[in-house]
Amino acid sequence: MLNTYSDTVAPIVVEVGSKAPEACVIWLHGLGADGHDFEGVLPQLDLPEEAAIRFVFPTAPVQPVTVNMGSPMTAWYDISHPNLLIETDWQGIEQSVASVHRMIDEQLAKGIPHEKILLAGFSQGGVVALYAALTFPARLAGVMALSTYFPDPKDGPDVLQYKNANTLPVFYAHGEVDPICPLSAAEASRKTLEELGLDVEWNTYPMAHQVCYEELRQLSLFLRKVVI
């Protein structure tokens with residue numbers, strides 16, 4: 001099955017601020033969710049009135065997921081093993097990355113400059129957001145990687161070229177008691193990102209596989225720093 005964001009479910013688009021958008025955040029949900037998943041957090045970000053940001057929340061395609069006994073659900077790629085750092089579906093990740101690159105191109109065509117486009121992703125959405133930002137031809141504003149992981153690129157296909165590893169700001173947030181993506185996997189992923197040359201803003205919180213108020217407060221500060 002072609003792994004591309006749904007053409008039948010239009011992305012949720014929310015524009016904040018009192019003027020035409022000058023920046024864009026493309027926010028990818030986690031396994032089994034949809035484009036509405038993070039729409040409700042926008043008021044909690046408490047962005048200033050001068051912020052002029054277009055938020056785009058796409059929905060992943062429905063496809064069989066191995067760890068879900070092969071049952072279909074929304075997914076950016078297949079997950080075949082409970083240990084998220086092994087048996088990575090590189091082909092599925094690459095296909096979703098290509099979809100995200102097309103979304104970025106759509107925003108460029110609408111007049112948003114590449115340095116004002118930020119990718120965000122929760123769980124497997126964070127994996128795609130990180131790879132998409134690292135491999136896009138131009139340097140983006142940054143990535144918000146939430147409760148996620150980063151498979152070691154040494155195990156992946158040679159076609160992944162990391163163009164922006166030394167300049168890409170990354171906000172990485174994770175729950176200390178996450179039962180889905182253990183903190184140890186996130187810590188290993190952070191090390192992998194730092195070995196690529198990234199300066200990772202690392203944050204942990206006393207929570208499970210979720211987001212919390214303090215995390216949203218710091219996300220707001222990160223957004224103000226990189227796109228406002």
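Quick caveat, the model's predicted, so the values are computed rather than measured.

1. A short note on the nonpolar core
Counting 43 residues, the largest nonpolar core has I26, Y77, V100, I104, L119, V143 and V170 as its most contacted members. Among the elements of the structure, β2 (23-28), α2 (90-109), β6 (117-122), α3 (124-135), β7 (142-146), β8 (170-175) and α4 (183-195) are those that each provide at least two residues to this core. At 8 residues, α3 tops the list of elements feeding residues into this core. With 30 residues, the next largest nonpolar core counts A51, A141, F171 and C212 among its residues.

2. A word on helix α5 (residues 213-226)
When the terminal C-alpha atoms of α5 are compared, their 20 Å separation across 14 residues agrees well with the 20 Å that a helix rising 1.5 Å per residue should span. Buried residues of α5: E215, L216, Q218, L219, S220, F222, L223 and V226, and no others.

3. Looking at the sheet that holds β8
In space, the 7 strands of this open sheet follow the order β1-β3-β2-β6-β7-β8-β9, with mixed pairing throughout. Each edge of the open sheet carries a strand with a single partner, namely β1 (12-16) and β9 (200-205). When strand polarity is set aside, the average angle formed by the axes of neighbouring strands in this sheet is 15°. Pairing analysis gives 6 bridges linking β8 to β9, with the strands arranged parallel.

4. Comments concerning empty space enclosed by the protein
Taken as a whole, this structure holds 1 cavity of 30 Å³ or more when the rule is applied. Put simply, the largest cavity is a space of about 50 Å³. The wall of the largest cavity is formed by Y77, D78, I79, S80, H81, L84, I86, E87, T88, D89 and Y149. Split by residue class, the lining of the largest cavity holds 5 nonpolar, 3 polar and 3 charged.

5. A word on the environment of D155
Its location among the elements puts D155 in the loop between β7 and β8. Along the primary structure D155 and I104 are separated by 51 residues, whereas in three dimensions their C-alpha atoms are 26 Å apart.

6. Considerations on the pairing of β8
When a strand is regular, its side chains alternate between the sheet's two faces. For β8, a buried count of 6 out of 6 residues is recorded, marking the element as mostly surrounded by other parts of the structure. Burial along β8 is two-sided: V170, Y172 and H174 and F171, A173 and G175, pointing in opposite directions, are all buried. In this structure, β7 lies alongside β8, joined through 4 bridges in parallel fashion. Directly across from L146, in β8, lies its bridge partner A173. In this fold, the crossover linking β8 to β9 by way of α4 has right-handed handedness.

Procedures and definitions
- Residues numbered from 1 in each chain as written.
- Predicted model: local features only at pLDDT ≥ 70, side-chain atom pairs only at ≥ 80, totals over all residues.
- Heavy atoms only, no water.
- Core = buried A, V, L, I, M, F, W, Y, C linked by side-chain atoms within 4.5 Å.
- Buried < 20%, exposed > 50% of the residue type's maximum accessible area, 1.4 Å probe, protein only.
- Helix = DSSP H or I, 4+ residues; strand = E, 2+ residues; numbered from the N terminus.
- Expected span 1.5 Å × (residues − 1).
- Pairing = 2+ DSSP bridges.
- Axes fitted to C-alpha atoms, helices over the stretch in contact; angles between N-to-C directions.
- 1 Å grid on protein atoms, 1.4 Å probe; cavity = no way out; pocket = protein on both sides within 12 Å on 5 of 7 lines; lining within 4 Å.
- Points joined across faces, edges and corners; volume = space filled by probe spheres on them.
- Nonpolar A, V, L, I, M, F, W, Y, C, P; charged D, E, K, R; others polar.
- Right-handed = clockwise from strand over helix to strand, strands pointing away.

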